Amino acid sequence: MSIKKITAPELLSLNKFIVDEDEPHIEIDKEICGKCVEKPCLYACPAALYTLEKSGAMSFDYAGCLECGTCRVVCKNKGIVKWVYPRGTFGVAFRFG
Ligand code: SF4
């Protein structure tokens, strides 16, 4: 019997997300993020939701968030001005099989 290996992106794609379009559960202050030199969220977020725009401004989309809390921990400059779990019935549903 062989066991099929699954990559991290494949594994993440199994999850189901119900995005709360009316109330983001994470918000960032782009001005603070723009002044941050290290920008650890770019490397720490397992879902790669933090990206840099061509202008150098931080871009973030809470859709696809795994609710792990890593970005809140690694952000030392308080660029994340809001971090709460999504409202009931919203957010990630893990489907690891
Ligand atoms: S809580 Fe986790 S998955 Fe969600 S944005 Fe922060 S680091 Fe990424």
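Let me sum up the structure you'll find in this document. None of the values given here were measured: they were computed from a predicted structure. (Residues numbered from 1 in each chain as written. Predicted model: local features only at pLDDT ≥ 70, side-chain atom pairs only at ≥ 80, totals over all residues. Heavy atoms only, no water.)

With that out of the way, let us pick up the overall build of the protein chain. Counting secondary structure elements, the protein chain contains 4 helices and 6 strands. Starting at the N terminus, the α and β elements of the protein chain follow one another as α-β-β-α-α-β-β-α-β-β. Dimensions along the principal axes, computed over C-alpha positions, put the protein chain at roughly 55 × 30 × 25 Å. Buried positions account for 28% of the 97 residues belonging to the protein chain. Within the protein chain, counting contacts between residues at least 6 apart in sequence, those at least 24 apart form 65% of the total. As displayed, the protein chain has an accessible area near 6900 Å², and 58% of this comes from carbon and sulfur atoms. (Helix = DSSP H or I, 4+ residues; strand = E, 2+ residues; numbered from the N terminus. Buried < 20%, exposed > 50% of the residue type's maximum accessible area, 1.4 Å probe, protein only. Contact = heavy atoms within 4.5 Å. Areas by Shrake-Rupley, 256 points an atom, 1.4 Å probe, with all protein chains shown as cover.)

Let us now look at the pattern of salt bridges. Tallying each qualifying case throughout the model produces 4 salt bridges. A salt bridge links E31 to K35; its shortest N-O distance comes to 3.8 Å. Of the two residues, E31 and K35 are both situated in helix α2 (residues 30–35); the distance of 4 residues between them amounts to about one turn of the helix. Relative accessible area serves as the criterion here: at 57%, E31 is assigned to the exposed category. You can call K35 exposed: its relative accessible area is 64%. (Salt bridge = Lys/Arg side-chain N within 4 Å of Asp/Glu carboxyl O.)

Here the focus is the site of the ligand. The immediate surroundings of the ligand are formed by 14 residues, with C45, C65, C68, G69 and C71 found nearest. Here the residues of the shell around the ligand sort into 11 nonpolar, 2 polar and 1 charged. (Near = heavy atom within 4 Å. Nonpolar A, V, L, I, M, F, W, Y, C, P; charged D, E, K, R; others polar.)

For the rest of this paragraph, the subject is the environment of V73. Examined against the element boundaries, V73 turns out to sit in helix α4 (residues 70–74). Given a relative accessible area of 56%, V73 falls into the exposed group. A C-alpha to C-alpha distance of 9.3 Å links V73 and C41, two positions 32 residues apart in sequence.

To continue, consider the nonpolar core. If you look at the biggest cluster of nonpolar residues, it comprises 14 residues, and the most contacted ones within it are I26, I28, Y50, M58, F60, C71 and I80. If you list the elements that add at least two residues to this core, you get β2 (26–28), β4 (58–60) and β5 (80–83). Beyond its immediate chain neighbours, meaning those up to four positions away, Y50 contacts I26, I28, C41, L42, C45, M58, S59, F60, C71 and I80. (Core = buried A, V, L, I, M, F, W, Y, C linked by side-chain atoms within 4.5 Å.)

Scanning all chains against the criterion turns up 2 aromatic pairs. Ring geometry for W83 against Y85: centres 5.0 Å apart, planes inclined by 80°, an arrangement best described as edge-to-face. On the basis of relative accessible area, W83 is assigned to the buried category, the value being 11%. (Phe/Tyr/Trp six-rings, centres within 6.5 Å; stacked < 30°, edge-to-face > 60°.)

Attention now moves to unusual backbone geometry. Even without glycine at this site, A48 takes up a positive phi of about 55°. Counting through the fold element by element, A48 comes out in the loop between α3 (41–44) and β3 (50–52). Positive phi, close to 60°, is recorded for K78, a residue that is not glycine. Tracing the backbone shows K78 in the loop between α4 and β5.

On their own, these measurements won't tell you what the molecule is for.
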